[in-house]
Amino acid sequence: MLLWGNRASDGQSGERIGVSLVLEGVRKEVDGNLHIADLSLTLGKGSLNVLLGATLAGKTSLMRLMAGLDQPSKGKLVMNGRDVTGCPVQRRNVAMVYQQFINYPSLTVYENIASPLRVAGLRSAEIADRVREAARLLRLELYLERRPLELSGGQQQRTAIARALVKDAELVLLDEPLANLDYKLREELREELPRIFAASGAIFVYATTEPTEALLLGGNTATLFKGRISQFGPTARVYRWPQDLVTAGVFSDPPLNTISAVKNGPTVSLDTGLIMRSAGAFATVPDGRYTVGFRAHQLGLEPAGADSMALPAIVSVAEITGSESFVHVDVGEHRFVAQVPGVRRLEPSSAITVYLDPLRLFIFDEAGRLRSADLAKAA
């Protein structure tokens, strides 16, 4: 495990003291277009923070503000108690890795990784130790004498990640860094990176479009939508307890299934015309209009229990991925996706029944705020 990081340390454990990044009312406009909207956020030392959102949600714009590559139109950024709002990136202790790998083509892999250490004036022996440890972690030992153009795309990205890790930066920004890596290495790094992040004491910010990747990385997650953070907190809690419909939608892949409903005493009427008992999540909310949300894996082809609600459906398409199938169905005017285990060969236009467990629902009010969910089963 990498145990770098003696900058701003206590002289004993190597742990950074007081490393934190605070964004206060940060706003970014470009040519009248709003990129980041009045955002406030605090990131603590040694924390792993995932920015989760679709393309153009504002993830890269926010990371550029954190790095000092761009300046906010309003608000300020405070690093370790010091206002760094107008401080250029050259004067900040920041490292950044992009989805499109960036390396020095004329330098070997060893020299690419070592470049920030040489700029910092470290001794050759320490540089060698750090470079070889990073190369071991990123599976680059056999390629240290090669140049980037002699590497595959995945190897080039690994080189860029290794260079960021050895820099001993207080803030490390990773903009979808694993997107170009092969599946096996991506899974290995997803497991190893949180341990590296915790050991370094730096603040890590990791941008992704994939809810699954956020869950695998853990730490904290901020869900972004149209330049706004809808929720920030421990990743598992944000996933299982989204505070509004926007957050639930951002943290669902395939997209969140939704349907309108009206509760009236002991019954709930869905806009498909079906009527169900006010059980499960509906048991705790007052009468009124709601939006019901449920993820693809919460919709089944078999009943989960005696209270499961049967929905007559027409198959649109069944996508078989090997270990599971994604069944797209039409229920009235609604298109739902069911993620079910195994190979399910269902013909388009065939009539089937899908089942919804009333205990596995998110209930949102007319303002889109979460009113009820079963924590034990909504995941």
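Residue numbers run consecutively from 1 along every chain, following the written order of its sequence. Where totals are concerned, whole chains, interfaces and linings use all residues; where local detail is concerned, this predicted model gives features only for residues with pLDDT of at least 70, and gives and counts side-chain atom pairs only at 80 or more. Each side-chain value is worked out from all heavy atoms of the structure, with water and hydrogens disregarded.

Caption draft 1: Quick look at the layout of surface pockets. Using a 1 Å grid laid over the protein atoms alone, points where a 1.4 Å probe fits but cannot get out form a cavity; open sets with protein on both sides within 12 Å along at least 5 of 7 lines form a pocket; any residue with an atom within 4 Å of a point counts as lining. Grid points are joined across faces, edges and corners, and a volume is the space filled by probe spheres set on the points. Looking at the largest pocket, its volume works out to about 710 Å³. The wall of the largest pocket is formed by 26 residues, among which Val94, Ala95, Met96, Tyr104 and Lys167 lie closest to the centre. Elements that contribute at least two residues to the lining of the largest pocket include exactly β6 (94-97), α2 (109-119) and α4 (153-166). Under this grouping Gly is polar, as are all residues other than the nonpolar Ala, Val, Leu, Ile, Met, Phe, Trp, Tyr, Cys and Pro and the charged Asp, Glu, Lys and Arg. Across the lining of the largest pocket, the residue classes break down as 16 nonpolar, six polar and four charged. Counting from the N terminus, the helices are the DSSP runs of H or I reaching at least four residues and the strands are the DSSP runs of E reaching at least two.

Caption draft 2: Highlighting the packing of aromatic side chains. A pair of aromatic rings is counted whenever rings of Phe, Tyr or Trp (Trp by its six-membered ring) have centres within 6.5 Å, and the orientation is called stacked for planes under 30 degrees apart, edge-to-face for over 60 and tilted otherwise. Summed over all chains, the structure comprises four aromatic pairs. Arranged with centres 6.1 Å apart and planes meeting at 80°, the rings of phenylalanine 282 and tyrosine 290 form a pair that is edge-to-face. For the pair phenylalanine 362 and phenylalanine 364, a centre-to-centre distance of 6.2 Å together with 40° between the ring planes defines the contact as tilted.

Caption draft 3: Quick peek at the sheet that holds strand β7 (residues 171-175). A pair of strands is considered paired only if DSSP assigns at least 2 bridges between the two. The strand order across the open sheet formed by six strands is β6-β7-β8-β3-β9-β10, and the pairing between neighbours is mixed. If you trace the sheet from one side to the other, it starts and ends with β6 and β10 (228-234), each paired once. Between one strand and the next, the sheet's axes are offset by a mean angle of 15°, whatever the strand orientation. The sheet contact formed by strand β3 (residues 48-52) and strand β9 (residues 220-225) spans four bridges and is parallel. Residue leucine 51 lies in a different strand from β9, and its bridge partner there is alanine 222. The contact criterion used throughout is that any non-hydrogen atoms of two residues lie within 4.5 Å. The axes used here are C-alpha line fits, helices contributing only the stretch in contact, and every angle between their N-to-C directions lies in the interval 0 to 180 degrees. Across the sheet, helix α1 (residues 59-67) is in contact with β3, β6, β7, β8 (203-208) and β9; its angle to β7 comes to roughly 160°. Here α4 sits on the sheet in contact with β6 and β8, set at roughly 170° to β6.

Caption draft 4: Representation of the side chain of threonine 159 within the structure. Relative to the helices and strands, threonine 159 resides in helix α4. Assessed through its relative accessible area of 1%, threonine 159 is described here as buried. Beyond its immediate sequence surroundings of up to four residues, threonine 159 is in contact with Asn103, Val109, Asn112, Ile113, Leu140 and Leu151. Each residue is placed in one exposure class: buried if its accessible area under a 1.4 Å probe, protein chains only, is under 20% of its type's maximum, exposed if it is over 50%, and partly exposed if it falls in between.

Caption draft 5: Structural context of the sheet that holds strand β21 (residues 370-373). Taken together, the six strands give an open sheet; going across it, the order is β13-β12-β11-β14-β20-β21, and neighbouring strands pair in antiparallel fashion. Of all the strands in the sheet, just β13 (275-277) and β21 have a single pairing partner and so form its edges. Ignoring strand direction, the axes of neighbouring strands in this sheet form an average angle of 30°. Relative to strand β14 (residues 288-294), strand β11 (residues 257-264) runs antiparallel, the two sharing seven bridges. Note that in β14 the partner of threonine 258 across the bridge is glycine 293.

Caption draft 6: Up close: α4. Taking 1.5 Å of rise per residue, 14 residues should cover 20 Å, and α4 covers 20 Å from first to last C-alpha, within 8% of that figure. Most of α4 is tucked away, with 13 of its 14 residues classed as buried. Directly beyond the C-terminal end of α4, a positive phi value near 60° is found at aspartate 168. The span you would expect from a helix comes to 1.5 Å times its residue count less one.

Caption draft 7: Representation of the nonpolar core in the model. Working definition of a nonpolar core: buried Ala, Val, Leu, Ile, Met, Phe, Trp, Tyr and Cys residues. They are joined through side-chain atoms within 4.5 Å. Core analysis: the largest hydrophobic core is formed by 44 residues, its most contacted members being Ile113, Val131, Leu138, Leu140 and Phe204. By residue number, the principal contributor to this core is α4, which donates six residues. Residues within four places of leucine 138 in sequence aside, it is in contact with Arg158, Ile161, Ala162, Leu165 and Leu189. Formed by 28 residues, the second largest nonpolar core is a distinct cluster that contains Ile259, Met309, Val331 and Leu361.

Caption draft 8: Here's a closer look at the pairing of β7. Across the five residues of β7, five count as buried, placing the element largely inside the fold. Neither face of β7 is left uncovered, since the one carrying Leu171, Leu173 and Asp175 and the one carrying Val172 and Leu174 both have all their residues buried.

Caption draft 9: Inspection of the confidence of the model for the chain at higher detail. Here pLDDT means the predictor's own confidence in every residue, given as a number from 0 to 100. Summing up the model confidence of the chain, the mean pLDDT is 88 and the portion of residues at 70 or higher is 93%. Confidence over residues 1-17 falls short of pLDDT 50; this stretch has 46 contacts with residues more than four positions distant or in other chains.

Caption draft 10: Up close: unusual backbone geometry. Here the residue pair aspartate 253 and proline 254 is connected by a cis peptide bond, since its omega of 5° sits within 30 degrees of zero. Inspection of the secondary structure puts proline 254 in the loop between α8 (245-250) and β11. Here serine 349, not a glycine, exhibits a phi torsion of approximately 75°, which is positive. Of note, serine 349 is situated in the loop between β18 (334-341) and β19 (351-356).

Caption draft 11: Inspection of the pattern of salt bridges at higher detail. Definition used for salt bridges: Asp or Glu carboxyl oxygen within 4 Å of a side-chain nitrogen of Lys or Arg. Inspection of every chain in the model, using the stated rule, returns 11 salt bridges. Ionic pairing is found between glutamate 29 and arginine 27, a salt bridge with its closest N-O pair at 2.7 Å. With a shortest N-O distance of 3.1 Å, arginine 344 and glutamate 302 are connected by a salt bridge. Taken together, the positions of arginine 344 in the loop between β18 and β19 and glutamate 302 in the loop between β15 (299-300) and β16 (309-320) put the pair 42 residues apart, joining distant regions of the chain. When salt bridges with common partners are traced through the structure, they connect Arg27, Glu29, Asp38 and Lys74 into a single cluster.

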